[in-house]
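# Report on the structure
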Amino acid sequence: MERTNKLLFNAASGCRNGKYEEDSIVRMAARTERARTLLDGLNPEQREAVITTEGPLLVLAGAGSGKTRVICHRLAYILAAGFCGPRNVIAVTFTNKAAGEMKERVSRLTGLDVRSLWVSTFHSAAVRMLRAAGNLVGVKRDFTIYDEGDSEALVKRIIKDRGWDPREEKPRHYAELISRAKDDALDPDDWLEKTFLHRAVAEKIYEVYREYEKRLARAGALDFGSLLLRAVKLLRHPEGKRRFGERFQYVMVDEYQDTNAVQYEMVRLLAAAHGNVCVVGDDDQAIYEWRGANRANILAFEKTFPKAKVITLTRNYRSTQGILDAASHLIGNNTRLREKKLRAERGSGSVPRLIRARNEYDEAEQVVRAIRTNLKAGAAKKDHAVFYRVHALSRVLEEVLSASGIEYQLLRGVSFYQRAEIKDVVAYLKLLVNPDDDGSFLRICNKPARGFGAKTLERLVAAATERNLSLMAYLRKCGEDRENRPAQRKKEAAFVEMLDELQSLLKKESVSIVVREVLERTRYLELYDQNDPEDLQRFENVREFLSAAQDFEESADEPTLAAFLERITLATDADDYDPSADRVVLSTLHAAKGLEFRHVFIVGCEEGLLPHGRALGEEADAEMEEERRLAYVGMTRAKDTLTMSYAFERRMYGQIQARTRSRFLSEAGIDDTSDWGGTERETRSFFVGRTPATLSGSRDTGIVGCGVLSEGDSVRHHRFGTGVVLYVAESGDENEVVQIRFKNKVKNLMTKFAHLTRV
DNA sequence: AACGAGCGGTTTTTT
DNA sequence: ACCGCTCGTT
Ligand SMILES: Nc1ncnc2c1ncn2[C@@H]1O[C@H](COP(=O)(O)OP(=O)(O)OP(=O)(O)O)[C@@H](O)[C@H]1O
């Protein structure tokens, strides 16, 4: 209690920081009033969390209990009460999107200018600190950020240089291990000491890890792990401590259960001077242990900060009791260290529903039918979300939704920025910002061909490595030393000159103009053929990239190329979510974290999918529990209705597989009887032998069955687009084949599999 | 340099 | 089933 309410204390004494001020009491009173209104709309426990501004605070509470609301209001309260200015607070969220929303909410709640407030992900915060003061810890101002793909490409080069076969020594695998090592703050030597892998294997990885670090440094690049590690180093540096440790007087972290060892250390260092740190989270929602997150961080918070106060919230404002009960039953199957009770404030509501389907198409059609029923009853498209364990399941849902004319937004699977042509353009841009970035150099130097063939590059890399120079630095400095080959030298010089010219544009031109010039002068687009439909898509993607650059320069605080590249590499799936767009949301369970929808569907509730196959082993108890938490997260996103579904058969890895229902369904008390009434065996026999095209529901989605089409009909196919029927074979038969002329080619398709719709 | 056959990995989740 | 990469061929 002594330290609980700083506001009361200040108001009573009319004193802050030990100094009396003439009109301070009056101003304090006004502030007090404003701050007080921020307690409206909070329950007593939430209020207590908000006014406990000083010292370490842990809010450990179940799903939908208002943790995020606490953080927002607490932040606003601190500012409104005038305990410090916006620039003295740092808040960390899980996605950039969540950061943006929090900032906006705080701005609305306080009416203050929040531009100097730091609300971001750990990674973005690290980048910001390193751009400002990275030189203190050996980070160049213009460092490049390597994403997973860049790291893997680097590892692959290292493996090849060693003369190893990348099919044996899988770069993926190595990159993964290196990344995990960094999550645990282990450098190559630490890692070698700690690893349980066989000596011979471990030493190979060690060797690659060391070389990887060396080349990252030479390229002036940081991967995701190093970003955080360097930030920690910076926060330990006396000057860094002064600049950031003292600046941030209040530290807040949302979703604390999914922080890793390095992020934990960042939090500890940021709070070291004053201990004003508030973390909120729910250990039952920890779903990122696979990438190095450590639930122990939240469970041991009181050990890290011995004077910590702990507040639990037990009222769930999101879901109805029926949904909450199912979710609680499910999570009750985990061994839990901190059991959390939750009561639904919204009353009993409906019981979760189960959909059983013959196959993935039937599943999607039933889900879409349910959505359509809700729409007819007045619900909006954006009130609906469909979640799945793996992105691969989105395909069929997309097809059926489009066929039904229901707009949807996909929290993207293969990120737009991961596409080859986009990565190429980005590589050119990265090279302009940081010419030492060998990864980018190698990626684009011969796209289109300009004299950097395999042989030439081999020689070049060897020569540069020998001198410990980046490729570009080598071309600049030592181009002359090399014997003869005047034609070759001329080509290299032309390349360097082209990049120099582009680089000179950086200072005077906007991002989109630079991108345009890069495309123009590098003649990158000449790689592609206007008549090839796949290439056409590439042109389209590049155009979209250009418009993303335009949007960026119009909206960003700091519209530099470096900032644009940062935004691109640190973007997350969830960042795409536009809650105001009236569209059904399709998302993985992971990207669903923190969101909420009136109607939630979880598809693919099958053994091997949810729980995922990797969690099924005898010794995979920890993984199984994480899968269960993942299902828990998904279920607790639902406000009004929750529908889970599974299919008896599903096409996976190109083969039709028989599936069995997820154990999580019975664990959650969601049973067979709730929908069909029959036993599983009866249902299965009912479905077997029916083709998707003849199943009920097909009519509704507009997918045409056999015997319907004739010559001249216009149809749409999910992949080939629209086309005209040229010929129908075995019309009406189950094996009917239609020949269709699409834009670029003629295809023969079996009607029952093609899922065509009329246009 | 440009093409195609053959292979291997993919569909775990992502900062 | 599908993609992208590699390697061999032209
Ligand atoms: N005191 C309250 N009164 C009414 N509604 C509330 C209250 N606190 C929170 N809510 C609402 O409850 C819902 C869940 O809140 P919030 O997202 O903050 O919970 P959370 O604990 O962060 O959830 P999760 O961990 O599941 O993501 C939101 O719609 C929020 O507006």
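Just so it is clear, the model here is predicted, and its values are computed rather than measured.

Right, let's talk about the protein's contact with DNA strand B for a bit. The local shell around DNA strand B holds 22 residues, among which Lys-170, Arg-389, Thr-572, His-612 and Arg-614 are the closest. In DNA strand B, atoms within 4 Å of the protein come 54% from sugar and phosphate. Between a base oxygen of DNA strand B and a side-chain N or O atom of Trp-290, the distance comes to 3.0 Å. Contacts to DNA strand B include His-391, whose backbone N or O atom sits 3.1 Å from a phosphate oxygen. Its residues assigned to classes, the surface near DNA strand B shows eight nonpolar, seven polar and seven charged.

A word on helix 21 (residues 454-466). Helix length check: helix 21, at 13 residues, gives a terminal C-alpha distance of 18 Å against a target of 18 Å (1.5 Å per residue), a fit within 8%. Within the span of helix 21, buried status applies to Thr-456, Leu-457, Leu-460, Ala-463 and Ala-464. Buried positions in helix 21, seen along its axis, are confined to an arc of 135 degrees and lie on one side of it. Summarising the geometry of helix 21, the exposed residues directed more than 90 degrees from the buried face are Ala-454, Lys-455, Glu-458 and Glu-466.

Before going further, it helps to examine the nonpolar core. Ranked by internal contacts, the top residues of the largest apolar core, which has 52 residues, are Leu-429, Phe-441, Val-515 and Phe-545. Counting only elements with at least two residues in this core, the list comes to helix 19 (420-433), helix 20 (438-444), helix 21, helix 22 (471-478), helix 23 (486-508), helix 24 (511-522), helix 25 (533-555) and helix 26 (561-569). Broken down by element, this core gets its largest block of residues, nine residues, from helix 19. Other than its neighbours up to four places away in sequence, Phe-545 contacts Phe-416, Tyr-417, Ile-422, Val-425, Val-426, Leu-429, Val-515, Phe-564 and Ile-568.

We now examine the pattern of salt bridges. What the rule picks out here adds up to 54 salt bridges. Two residues, Arg-443 and Asp-424, come together in a salt bridge whose shortest N-O distance is 2.7 Å. Residue Arg-443 is located in helix 20, and its partner Asp-424 is located in helix 19; the two are separated by 19 residues in the primary sequence. Overall, Arg-443 belongs to the partly exposed group, its relative accessible area being 29%. The partner of Arg-663 in a salt bridge is Glu-607, with the nearest N and O atoms 2.7 Å apart. Residue Arg-663 is located in helix 28 (residues 663-667), and its partner Glu-607 is located in the loop between strand 17 (597-602) and helix 27 (621-635); the two are separated by 56 residues in the primary sequence. Exposure remark for Glu-607: the relative accessible area of 19% places this residue in the buried category. Ionic contacts of the salt-bridge type, sharing partners, join the residues Asp-282, Asp-283, Asp-284, Arg-336 and Lys-340 into one network.

A few words now on the site of the ligand. As a matter of local geometry, the ligand sits amid 18 residues, with Gln-46, Lys-67, Thr-68, Glu-596 and Arg-637 nearest to it. Interatomic distance of 3.1 Å between a backbone N/O atom of Gly-41 and a nitrogen atom of the ligand. Gly-64 is positioned with one of its backbone polar atoms (N or O) 2.8 Å from an oxygen atom of the ligand. In isolation the ligand has 630 Å² of accessible area, and contact with the protein removes 82% of it. For the shell around the ligand, the class distribution of residues is three nonpolar, ten polar and five charged. Split by domain, the residues of the shell around the ligand number at least three in each of domain 1 (39-111 + 244-313) and domain 3 (323-415 + 576-668).

Here we take up the packing of aromatic side chains. Evaluation of the coordinates by the stated rule reveals 19 aromatic pairs. When the centroid spacing of 5.0 Å and the interplanar angle of 40 degrees are considered together, the rings of Phe-94 and Tyr-288 count as tilted. Of the two residues, Phe-94 is situated in the loop between strand 4 (89-92) and helix 5 (96-110) and Tyr-288 in the loop between strand 9 (277-281) and helix 14 (296-299); the sequence distance between them amounts to 194 residues. Note on Tyr-256 and Phe-301: the rings are 6.0 Å apart at their centroids and 85 degrees apart in plane angle, and the pair reads as edge-to-face.

Now for unusual backbone geometry. Pro-448 follows Lys-447 through a cis peptide bond whose omega is 0 degrees. Along the polypeptide, Pro-448 turns up in the loop between helix 20 and helix 21. Note that the residue after Leu-610, namely Pro-611, is joined by a cis bond; omega there is 5 degrees. Considering the arrangement of structural elements, one finds Pro-611 in the loop between strand 17 and helix 27. The phi dihedral of Ala-185 is positive, around 60 degrees, even though this residue is not glycine. One non-glycine residue, Glu-255, adopts positive backbone phi at about 55 degrees. Examined against the element boundaries, Glu-255 turns out to sit in the loop between strand 8 (250-253) and helix 13 (261-271). Its relative accessible area of 13% is what places Glu-255 among the buried residues.

A separate point is the sheet that holds strand 4. Pairing is parallel across the open sheet formed by six strands, whose spatial order is 5-4-8-9-3-10. Each end of this open sheet is capped by a strand with a single partner; those strands are strand 5 (118-120) and strand 10 (309-311). Going across the sheet, the axis of each strand differs from the next one's by a mean of 10 degrees, ignoring polarity. Bridge analysis of strand 4 against strand 5 gives three bridges, and the strand direction is parallel. Within strand 5, the position partnered with Ile-90 by the bridge is Trp-118. Most of the contacts of helix 6 (residues 122-133) go to strand 5, to which it runs at about 130 degrees, and overall it touches strand 4, strand 5 and strand 8.

Reading guide: rules and limits
Residues numbered from 1 in each chain as written. Chains lettered and ligands numbered in written order. Predicted model: local features only at pLDDT ≥ 70, side-chain atom pairs only at ≥ 80, totals over all residues. Heavy atoms only, no water. Near = heavy atom within 4 Å. Polar contact = N/O pair within 3.5 Å; in protein donor to acceptor, adjacent residues only side chain to side chain. Nonpolar A, V, L, I, M, F, W, Y, C, P; charged D, E, K, R; others polar. Helix = DSSP H or I, 4+ residues; strand = E, 2+ residues; numbered from the N terminus. Expected span 1.5 Å × (residues − 1). Buried < 20%, exposed > 50% of the residue type's maximum accessible area, 1.4 Å probe, protein only. Arc of directions from axis to C-beta. Core = buried A, V, L, I, M, F, W, Y, C linked by side-chain atoms within 4.5 Å. Contact = heavy atoms within 4.5 Å. Salt bridge = Lys/Arg side-chain N within 4 Å of Asp/Glu carboxyl O. Areas by Shrake-Rupley, 256 points an atom, 1.4 Å probe, with all protein chains shown as cover. Domains from an automatic or database assignment. Phe/Tyr/Trp six-rings, centres within 6.5 Å; stacked < 30°, edge-to-face > 60°. Pairing = 2+ DSSP bridges. Axes fitted to C-alpha atoms, helices over the stretch in contact; angles between N-to-C directions.

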